[in-house]
Amino acid sequence: MAQESPKNSAAEIPVTSNGQLEDSHEHSFNRDLKHSLPVGLGLAETKITSHGFDSTKEGVVEAGPFPGSSASPKSSVISPSSAAASRLAGQGCDLIIPTGGRAQQKSGPVVLADEVKNPAMEKLELVRKWSLNTYKCTRQIISEKLGRGSRTVDLELEAQIDILRDNKKKYENVLKLAQTLSTQLFQMVHTQRQLGDAFADLSLKSLELHEEFGYNAETQKLLAKNGETLLGAINFFIASVNTLVNKTIEDTLLTVKQYESARIEYDAYRTDLEELNLGPRDANTLPKIEQSQQLFQVHKEKYDKMRNDVSIKLKFLEENKVKVLHNQLVLFHNAIAAYFAGNQKQLEQTLKQFHIKLKTPGADAPSWLEEQ
(Lines give C-alpha, C1' and ligand atoms only; values in the text may rest on other atoms or scores of the structure.)
Protein backbone atom coordinates (compact mmCIF):
# COMPACT_ATOMS: atom_id res chain seq x y z
CA MET A 1 0.00 0.00 0.00
CA ALA A 2 1.02 3.63 -0.46
CA GLN A 3 1.03 4.51 3.23
CA GLU A 4 2.14 2.33 6.13
CA SER A 5 0.24 1.97 9.35
CA PRO A 6 1.57 3.43 12.60
CA LYS A 7 2.17 -0.04 13.92
CA ASN A 8 4.50 -0.98 11.10
CA SER A 9 6.36 2.28 11.43
CA ALA A 10 6.79 1.81 15.15
CA ALA A 11 8.05 -1.71 14.62
CA GLU A 12 10.87 -0.48 12.36
CA ILE A 13 12.26 2.23 14.70
CA PRO A 14 15.95 1.50 15.30
CA VAL A 15 17.21 2.02 18.83
CA THR A 16 20.68 2.64 20.24
CA SER A 17 22.44 0.49 22.70
CA ASN A 18 21.03 2.45 25.61
CA GLY A 19 17.42 2.25 24.32
CA GLN A 20 17.15 5.87 22.97
CA LEU A 21 15.70 6.85 19.62
CA GLU A 22 18.06 7.63 16.80
CA ASP A 23 17.70 11.26 15.70
CA SER A 24 17.93 10.42 12.02
CA HIS A 25 14.83 8.29 12.07
CA GLU A 26 12.75 10.28 14.58
CA HIS A 27 11.58 12.94 12.16
CA SER A 28 10.72 10.44 9.45
CA PHE A 29 8.55 8.49 11.89
CA ASN A 30 6.77 11.62 12.98
CA ARG A 31 6.12 12.40 9.33
CA ASP A 32 4.52 8.98 8.79
CA LEU A 33 2.50 9.27 11.97
CA LYS A 34 1.07 12.62 10.92
CA HIS A 35 -0.68 11.00 7.99
CA SER A 36 -2.06 8.13 10.11
CA LEU A 37 -3.42 10.14 13.07
CA PRO A 38 -7.14 11.09 13.15
CA VAL A 39 -8.22 14.51 12.02
CA GLY A 40 -8.00 17.06 14.77
CA LEU A 41 -4.85 15.68 16.48
CA GLY A 42 -1.89 17.75 15.42
CA LEU A 43 1.65 16.52 15.63
CA ALA A 44 2.43 19.36 17.96
CA GLU A 45 0.04 17.87 20.49
CA THR A 46 1.51 14.37 20.53
CA LYS A 47 4.69 12.71 21.64
CA ILE A 48 6.09 9.32 20.60
CA THR A 49 8.08 7.37 23.09
CA SER A 50 9.87 4.09 22.65
CA HIS A 51 11.27 1.86 25.33
CA GLY A 52 13.41 -1.20 25.33
CA PHE A 53 12.55 -4.36 23.50
CA ASP A 54 11.46 -5.99 26.71
CA SER A 55 8.91 -3.26 27.44
CA THR A 56 5.19 -3.77 26.71
CA LYS A 57 4.60 -0.10 25.86
CA GLU A 58 6.44 0.08 22.56
CA GLY A 59 5.07 2.69 20.15
CA VAL A 60 2.68 4.36 22.65
CA VAL A 61 1.21 7.73 21.72
CA GLU A 62 1.11 10.09 24.69
CA ALA A 63 -0.66 13.43 25.03
CA GLY A 64 1.39 16.54 25.60
CA PRO A 65 3.70 18.92 23.82
CA PHE A 66 6.29 17.16 21.70
CA PRO A 67 9.54 19.05 21.99
CA GLY A 68 11.42 18.56 25.19
CA SER A 69 8.55 17.68 27.46
CA SER A 70 9.68 16.88 30.95
CA ALA A 71 6.28 15.69 32.21
CA SER A 72 5.99 12.14 33.39
CA PRO A 73 4.36 9.70 30.94
CA LYS A 74 0.61 9.21 31.41
CA SER A 75 -1.63 6.31 30.56
CA SER A 76 -1.99 5.25 26.97
CA VAL A 77 -4.83 7.60 26.01
CA ILE A 78 -5.41 9.83 23.01
CA SER A 79 -7.02 13.07 24.26
CA PRO A 80 -8.74 15.23 21.67
CA SER A 81 -7.75 18.84 21.28
CA SER A 82 -10.08 21.83 21.64
CA ALA A 83 -10.39 22.11 17.88
CA ALA A 84 -11.35 18.46 17.60
CA ALA A 85 -13.85 18.82 20.44
CA SER A 86 -15.48 21.80 18.74
CA ARG A 87 -15.78 19.86 15.50
CA LEU A 88 -17.36 16.90 17.31
CA ALA A 89 -19.80 19.21 19.05
CA GLY A 90 -20.73 20.79 15.73
CA GLN A 91 -21.45 17.37 14.28
CA GLY A 92 -23.90 16.62 17.13
CA CYS A 93 -21.94 13.63 18.40
CA ASP A 94 -23.02 12.66 21.89
CA LEU A 95 -19.58 12.43 23.56
CA ILE A 96 -18.81 12.74 27.26
CA ILE A 97 -15.21 13.24 28.46
CA PRO A 98 -14.98 12.63 32.22
CA THR A 99 -12.24 14.00 34.45
CA GLY A 100 -10.18 10.83 34.08
CA GLY A 101 -9.59 11.65 30.42
CA ARG A 102 -11.21 8.49 28.98
CA ALA A 103 -13.76 9.19 26.26
CA GLN A 104 -17.12 7.49 26.73
CA GLN A 105 -20.09 7.51 24.38
CA LYS A 106 -23.65 7.67 25.70
CA SER A 107 -26.42 5.66 24.18
CA GLY A 108 -28.86 8.58 24.50
CA PRO A 109 -30.23 11.20 26.86
CA VAL A 110 -31.32 9.95 30.27
CA VAL A 111 -34.75 11.16 31.43
CA LEU A 112 -35.59 11.04 35.09
CA ALA A 113 -39.33 10.69 35.69
CA ASP A 114 -41.52 9.91 38.63
CA GLU A 115 -42.60 6.37 39.13
CA VAL A 116 -45.75 5.69 37.10
CA LYS A 117 -48.47 3.64 38.73
CA ASN A 118 -49.27 0.41 37.00
CA PRO A 119 -53.00 0.22 36.07
CA ALA A 120 -52.86 -3.57 36.27
CA MET A 121 -51.67 -3.39 39.87
CA GLU A 122 -54.45 -0.95 40.76
CA LYS A 123 -57.08 -3.27 39.24
CA LEU A 124 -55.55 -6.21 41.05
CA GLU A 125 -55.77 -4.30 44.33
CA LEU A 126 -59.45 -3.46 43.69
CA VAL A 127 -60.21 -7.11 42.93
CA ARG A 128 -58.41 -8.15 46.10
CA LYS A 129 -60.45 -5.72 48.24
CA TRP A 130 -63.69 -6.78 46.55
CA SER A 131 -62.91 -10.46 47.08
CA LEU A 132 -62.09 -9.90 50.74
CA ASN A 133 -65.26 -7.89 51.30
CA THR A 134 -67.38 -10.51 49.49
CA TYR A 135 -65.86 -13.29 51.56
CA LYS A 136 -66.59 -11.49 54.84
CA CYS A 137 -70.18 -10.70 53.84
CA THR A 138 -70.84 -14.25 52.61
CA ARG A 139 -69.49 -15.66 55.84
CA GLN A 140 -71.74 -13.29 57.81
CA ILE A 141 -74.86 -14.28 55.82
CA ILE A 142 -74.16 -18.01 56.27
CA SER A 143 -73.53 -17.62 59.98
CA GLU A 144 -76.81 -15.70 60.39
CA LYS A 145 -78.79 -18.36 58.51
CA LEU A 146 -77.20 -21.08 60.61
CA GLY A 147 -77.99 -19.15 63.80
CA ARG A 148 -74.35 -18.82 64.83
CA GLY A 149 -73.73 -15.15 64.10
CA SER A 150 -75.30 -12.02 65.56
CA ARG A 151 -77.00 -9.34 63.48
CA THR A 152 -77.86 -5.73 64.16
CA VAL A 153 -81.63 -5.15 64.24
CA ASP A 154 -83.52 -1.85 64.30
CA LEU A 155 -86.95 -3.06 65.46
CA GLU A 156 -88.90 0.05 64.51
CA LEU A 157 -87.31 0.37 61.08
CA GLU A 158 -87.61 -3.36 60.35
CA ALA A 159 -91.34 -3.24 61.19
CA GLN A 160 -91.89 -0.34 58.78
CA ILE A 161 -90.04 -2.17 56.03
CA ASP A 162 -92.14 -5.32 56.54
CA ILE A 163 -95.35 -3.29 56.36
CA LEU A 164 -94.16 -1.60 53.17
CA ARG A 165 -93.41 -4.91 51.48
CA ASP A 166 -96.78 -6.35 52.52
CA ASN A 167 -98.62 -3.25 51.26
CA LYS A 168 -96.77 -3.42 47.97
CA LYS A 169 -98.06 -6.95 47.37
CA LYS A 170 -101.62 -5.86 48.15
CA TYR A 171 -101.38 -2.79 45.92
CA GLU A 172 -100.06 -4.97 43.10
CA ASN A 173 -103.12 -7.22 43.49
CA VAL A 174 -105.49 -4.21 43.34
CA LEU A 175 -103.63 -2.94 40.29
CA LYS A 176 -103.96 -6.30 38.55
CA LEU A 177 -107.71 -6.48 39.24
CA ALA A 178 -108.23 -2.90 38.04
CA GLN A 179 -106.41 -3.72 34.81
CA THR A 180 -108.65 -6.76 34.35
CA LEU A 181 -111.74 -4.60 34.91
CA SER A 182 -110.48 -2.06 32.38
CA THR A 183 -109.93 -4.77 29.78
CA GLN A 184 -113.40 -6.26 30.31
CA LEU A 185 -115.07 -2.81 30.28
CA PHE A 186 -113.29 -1.95 27.04
CA GLN A 187 -114.60 -5.13 25.44
CA MET A 188 -118.12 -4.41 26.71
CA VAL A 189 -118.04 -0.82 25.40
CA HIS A 190 -116.79 -2.06 22.05
CA THR A 191 -119.64 -4.61 21.92
CA GLN A 192 -122.23 -1.97 22.89
CA ARG A 193 -120.99 0.36 20.17
CA GLN A 194 -121.25 -2.39 17.55
CA LEU A 195 -124.69 -3.35 18.83
CA GLY A 196 -125.87 0.26 18.60
CA ASP A 197 -124.65 0.50 15.00
CA ALA A 198 -126.50 -2.72 14.16
CA PHE A 199 -129.74 -1.42 15.71
CA ALA A 200 -129.42 1.86 13.82
CA ASP A 201 -128.94 0.02 10.51
CA LEU A 202 -132.00 -2.16 11.13
CA SER A 203 -134.02 0.91 12.09
CA LEU A 204 -133.47 2.31 8.61
CA LYS A 205 -134.23 -0.94 6.81
CA SER A 206 -137.21 -2.14 8.90
CA LEU A 207 -139.96 0.47 8.63
CA GLU A 208 -142.41 -1.45 10.80
CA LEU A 209 -139.80 -1.65 13.64
CA HIS A 210 -138.16 1.69 13.01
CA GLU A 211 -138.92 3.19 16.41
CA GLU A 212 -138.06 0.08 18.43
CA PHE A 213 -134.68 -0.38 16.75
CA GLY A 214 -134.08 3.35 17.10
CA TYR A 215 -134.64 3.36 20.87
CA ASN A 216 -132.26 0.46 21.38
CA ALA A 217 -129.65 2.04 19.15
CA GLU A 218 -129.69 5.26 21.19
CA THR A 219 -129.55 3.32 24.49
CA GLN A 220 -126.55 1.26 23.42
CA LYS A 221 -124.71 4.32 22.09
CA LEU A 222 -125.37 6.15 25.35
CA LEU A 223 -124.10 3.19 27.37
CA ALA A 224 -121.02 3.02 25.17
CA LYS A 225 -120.38 6.72 25.69
CA ASN A 226 -120.75 6.43 29.47
CA GLY A 227 -118.58 3.33 29.39
CA GLU A 228 -115.82 5.26 27.63
CA THR A 229 -116.05 7.94 30.32
CA LEU A 230 -115.81 5.33 33.06
CA LEU A 231 -113.00 3.65 31.19
CA GLY A 232 -111.04 6.94 31.19
CA ALA A 233 -111.48 7.26 34.97
CA ILE A 234 -110.39 3.65 35.59
CA ASN A 235 -107.32 4.02 33.36
CA PHE A 236 -106.35 7.19 35.20
CA PHE A 237 -106.67 5.30 38.48
CA ILE A 238 -104.53 2.47 37.11
CA ALA A 239 -101.80 4.85 35.90
CA SER A 240 -101.57 6.61 39.27
CA VAL A 241 -101.47 3.40 41.30
CA ASN A 242 -98.94 1.90 38.88
CA THR A 243 -96.65 4.93 39.39
CA LEU A 244 -97.01 4.62 43.14
CA VAL A 245 -96.28 0.87 43.21
CA ASN A 246 -93.69 0.37 40.49
CA LYS A 247 -91.77 3.65 40.80
CA THR A 248 -92.18 5.34 44.17
CA ILE A 249 -92.40 2.23 46.36
CA GLU A 250 -89.84 0.39 44.22
CA ASP A 251 -87.37 3.26 44.62
CA THR A 252 -87.79 3.11 48.38
CA LEU A 253 -87.30 -0.66 48.37
CA LEU A 254 -84.10 -0.18 46.37
CA THR A 255 -82.81 2.05 49.14
CA VAL A 256 -83.89 -0.62 51.62
CA LYS A 257 -81.77 -3.20 49.74
CA GLN A 258 -78.77 -0.88 49.92
CA TYR A 259 -79.42 -0.45 53.63
CA GLU A 260 -79.53 -4.22 54.15
CA SER A 261 -76.25 -4.65 52.26
CA ALA A 262 -74.64 -1.96 54.42
CA ARG A 263 -75.98 -3.71 57.52
CA ILE A 264 -74.41 -7.03 56.46
CA GLU A 265 -71.05 -5.35 55.81
CA TYR A 266 -71.25 -3.57 59.14
CA ASP A 267 -71.96 -6.80 61.02
CA ALA A 268 -69.24 -8.65 59.09
CA TYR A 269 -66.52 -6.14 60.02
CA ARG A 270 -67.91 -5.85 63.55
CA THR A 271 -67.58 -9.61 63.98
CA ASP A 272 -64.07 -9.53 62.53
CA LEU A 273 -63.04 -6.80 64.98
CA GLU A 274 -64.55 -8.68 67.92
CA GLU A 275 -62.61 -11.83 67.01
CA LEU A 276 -59.35 -9.88 66.83
CA ASN A 277 -60.00 -8.22 70.18
CA LEU A 278 -60.55 -11.61 71.80
CA GLY A 279 -57.16 -12.83 70.56
CA PRO A 280 -53.67 -11.99 71.87
CA ARG A 281 -52.27 -8.47 71.59
CA ASP A 282 -48.69 -8.36 70.37
CA ALA A 283 -46.58 -6.60 67.76
CA ASN A 284 -48.12 -8.68 64.96
CA THR A 285 -51.80 -8.38 65.92
CA LEU A 286 -51.89 -4.70 66.94
CA PRO A 287 -51.57 -3.37 63.35
CA LYS A 288 -54.31 -5.78 62.24
CA ILE A 289 -56.57 -4.63 65.07
CA GLU A 290 -55.97 -1.00 64.18
CA GLN A 291 -56.72 -1.62 60.50
CA SER A 292 -59.84 -3.61 61.40
CA GLN A 293 -60.97 -0.77 63.67
CA GLN A 294 -60.65 1.71 60.81
CA LEU A 295 -62.60 -0.50 58.40
CA PHE A 296 -65.27 -1.06 61.04
CA GLN A 297 -65.65 2.69 61.55
CA VAL A 298 -66.01 3.28 57.80
CA HIS A 299 -68.76 0.67 57.45
CA LYS A 300 -70.48 1.90 60.61
CA GLU A 301 -70.75 5.39 59.14
CA LYS A 302 -72.11 3.92 55.90
CA TYR A 303 -74.66 1.85 57.82
CA ASP A 304 -75.82 4.86 59.86
CA LYS A 305 -76.18 6.96 56.70
CA MET A 306 -78.23 4.30 54.89
CA ARG A 307 -80.46 3.79 57.94
CA ASN A 308 -81.14 7.53 58.04
CA ASP A 309 -81.90 7.57 54.29
CA VAL A 310 -84.38 4.71 54.63
CA SER A 311 -86.17 6.41 57.52
CA ILE A 312 -86.55 9.64 55.55
CA LYS A 313 -87.77 7.86 52.41
CA LEU A 314 -90.31 5.81 54.37
CA LYS A 315 -91.68 8.99 55.91
CA PHE A 316 -92.06 10.79 52.58
CA LEU A 317 -93.48 7.67 50.97
CA GLU A 318 -96.19 7.38 53.59
CA GLU A 319 -97.23 11.00 53.08
CA ASN A 320 -97.24 10.67 49.29
CA LYS A 321 -99.10 7.35 49.41
CA VAL A 322 -101.92 8.76 51.54
CA LYS A 323 -102.33 11.78 49.31
CA VAL A 324 -102.31 9.82 46.03
CA LEU A 325 -104.55 6.97 47.18
CA HIS A 326 -107.06 9.36 48.75
CA ASN A 327 -107.65 11.18 45.46
CA GLN A 328 -107.64 8.02 43.35
CA LEU A 329 -110.07 6.13 45.61
CA VAL A 330 -112.52 9.06 45.59
CA LEU A 331 -112.30 9.19 41.80
CA PHE A 332 -112.85 5.45 41.42
CA HIS A 333 -115.86 5.46 43.75
CA ASN A 334 -117.61 8.46 42.21
CA ALA A 335 -117.08 7.23 38.64
CA ILE A 336 -118.38 3.73 39.33
CA ALA A 337 -121.39 5.02 41.29
CA ALA A 338 -122.36 7.55 38.61
CA TYR A 339 -121.98 5.02 35.79
CA PHE A 340 -124.19 2.34 37.29
CA ALA A 341 -126.72 4.93 38.46
CA GLY A 342 -127.03 6.17 34.92
CA ASN A 343 -126.08 9.69 35.97
CA GLN A 344 -124.18 10.92 32.95
CA LYS A 345 -123.75 14.47 34.21
CA GLN A 346 -122.25 13.36 37.52
CA LEU A 347 -119.89 11.00 35.67
CA GLU A 348 -118.65 13.81 33.44
CA GLN A 349 -118.34 16.13 36.42
CA THR A 350 -116.16 13.57 38.19
CA LEU A 351 -113.72 13.53 35.29
CA LYS A 352 -113.62 17.34 35.18
CA GLN A 353 -112.94 17.42 38.91
CA PHE A 354 -109.76 15.36 38.46
CA HIS A 355 -108.79 17.05 35.17
CA ILE A 356 -109.15 13.89 33.11
CA LYS A 357 -109.36 14.29 29.35
CA LEU A 358 -110.96 11.50 27.37
CA LYS A 359 -109.29 10.31 24.22
CA THR A 360 -111.41 10.09 21.16
CA PRO A 361 -111.42 6.73 19.39
CA GLY A 362 -108.56 6.49 16.92
CA ALA A 363 -106.77 9.56 18.31
CA ASP A 364 -103.60 7.59 18.99
CA ALA A 365 -103.49 6.17 15.47
CA PRO A 366 -100.89 7.92 13.25
CA SER A 367 -102.04 9.77 10.16
CA TRP A 368 -101.34 8.48 6.69
CA LEU A 369 -98.62 11.12 6.30
CA GLU A 370 -96.79 9.83 9.42
CA GLU A 371 -96.97 6.27 8.14
CA GLN A 372 -95.13 7.17 4.93
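Predicted, not measured: the structure shown is a model, and the values here were computed from it. (Residues numbered from 1 in each chain as written. Predicted model: local features only at pLDDT ≥ 70, side-chain atom pairs only at ≥ 80, totals over all residues. Heavy atoms only, no water.)

## Some words on the side chain of Lys 321
The residue Lys 321 is located in helix α7 (residues 285–341) in this model. Reaching out from Lys 321, the side chain makes a polar contact with the side chain of Glu 318 at a distance of 3.1 Å. Setting aside chain neighbours within four positions, we find Lys 321 in contact with Asn 167, Tyr 171 and Leu 244. (Helix = DSSP H or I, 4+ residues; strand = E, 2+ residues; numbered from the N terminus. Polar contact = N/O pair within 3.5 Å; in protein donor to acceptor, adjacent residues only side chain to side chain. Contact = heavy atoms within 4.5 Å.)

## Quick word on the UniProt feature "coiled-coil region" (unreviewed entry) in the protein chain
Within the UniProt annotation, "coiled-coil region" (unreviewed entry) is assigned to residues 154–181 and 289–320. Helix makes up 100% of residues 289–320 and strand 0%, and the two end C-alpha atoms of the span are 46 Å apart. (UniProt positions renumbered as here; feature names shortened; annotations may be inferred.)

## Focus on the layout of surface pockets
A volume near 330 Å³ is recorded for the second largest pocket. Around the second largest pocket, the lining residues are Arg 128, Lys 129, Leu 132, Asn 133, Lys 136, Tyr 269, Asp 272, Leu 276, Lys 288, Gln 291, Ser 292 and Leu 295. Only α4 (119–145), α6 (210–278) and α7 provide two or more residues apiece to the lining of the second largest pocket. For the lining of the second largest pocket, the leading source of residues is α4, giving five residues. Residue composition of the lining of the second largest pocket, by class: four nonpolar, three polar and five charged. (1 Å grid on protein atoms, 1.4 Å probe; cavity = no way out; pocket = protein on both sides within 12 Å on 5 of 7 lines; lining within 4 Å. Points joined across faces, edges and corners; volume = space filled by probe spheres on them. Nonpolar A, V, L, I, M, F, W, Y, C, P; charged D, E, K, R; others polar.)

## Re the pattern of salt bridges
Taken as a whole, this structure holds 17 salt bridges when the rule is applied. For Asp 304, the salt bridge goes to Lys 300, with nearest N and O atoms at 3.3 Å. Linking Asp 304 with Lys 300, this pair stays in helix α7, spanning four residues, or about one helical turn. The exposure class of Asp 304 is partly exposed, given its relative accessible area of 27%. Using a relative accessible area of 28% as the deciding quantity, one classes Lys 300 as partly exposed. Put simply, Asp 309 and Lys 305 hold a salt bridge, and the shortest N to O gap is 3.2 Å. Of this pair, Asp 309 and Lys 305 both sit in helix α7, four residues apart, which is roughly one turn of the helix. (Salt bridge = Lys/Arg side-chain N within 4 Å of Asp/Glu carboxyl O. Buried < 20%, exposed > 50% of the residue type's maximum accessible area, 1.4 Å probe, protein only.)

## Points about the packing of α6 against α7
It is at 8 Å that the axes of α6 and α7 come closest, and there the two elements cross at 165 degrees. Considering their axes alone, α6 and α7 lie roughly antiparallel with respect to each other. Where α6 crosses over α7, the handedness of that crossing is left-handed. When the residues that make up the contact of α6 with α7 are grouped by side-chain class, the tally is 32 nonpolar, 13 polar and 12 charged. (Axes fitted to C-alpha atoms, helices over the stretch in contact; angles between N-to-C directions. Parallel < 35°, antiparallel > 145°, perpendicular 65-115°, else oblique. Left-handed = near helix turned anticlockwise from the far one by under 90°.)

## Here we look at the packing of α6 against helix α8 (residues 344–353)
It is at 10 Å that the axes of α6 and α8 come closest, and there the two elements cross at 25 degrees. As summarised for this structure, α6 and α8 are arranged roughly parallel, according to the angle between their axes. For the pair α6 and α8, the crossing hand works out as left-handed. In contact with Leu 222, Lys 225, Asn 226, Thr 229, Leu 230 and Ala 233 of α6, α8 contributes Gln 344, Leu 347, Glu 348 and Leu 351. Here the contact of α6 with α8 is built from residues that sort into five nonpolar, three polar and two charged.

## What about the environment of Ala 335?
Topologically, Ala 335 is positioned in helix α7. In this structure the C-alpha to C-alpha distance between Ala 335 and Leu 347, which are 12 residues apart in sequence, comes to 5.6 Å. With residues up to four places along the chain from it excluded, the contact list for Ala 335 reads Leu 230, Ala 233, Leu 347 and Thr 350.

## Quick notes on the packing of aromatic side chains
Enumeration according to the criterion identifies six aromatic pairs in this entry. Between the aromatic rings of Phe 237 and Phe 332, the centroid separation amounts to 4.9 Å while the plane-to-plane angle is 40 degrees, which identifies the pairing as tilted. On the criterion of sequence distance, the pair formed by Phe 237 in helix α6 and Phe 332 in helix α7 is long-range, its members being 95 residues apart. Look at Phe 237 and you get buried, because its relative accessible area is 6%. Owing to a relative accessible area of 25%, Phe 332 belongs among the partly exposed residues under this scheme. Each member of the aromatic cluster is reached from another via a ring pair, and the members are Tyr 259, Tyr 266, Phe 296 and Tyr 303. (Phe/Tyr/Trp six-rings, centres within 6.5 Å; stacked < 30°, edge-to-face > 60°.)

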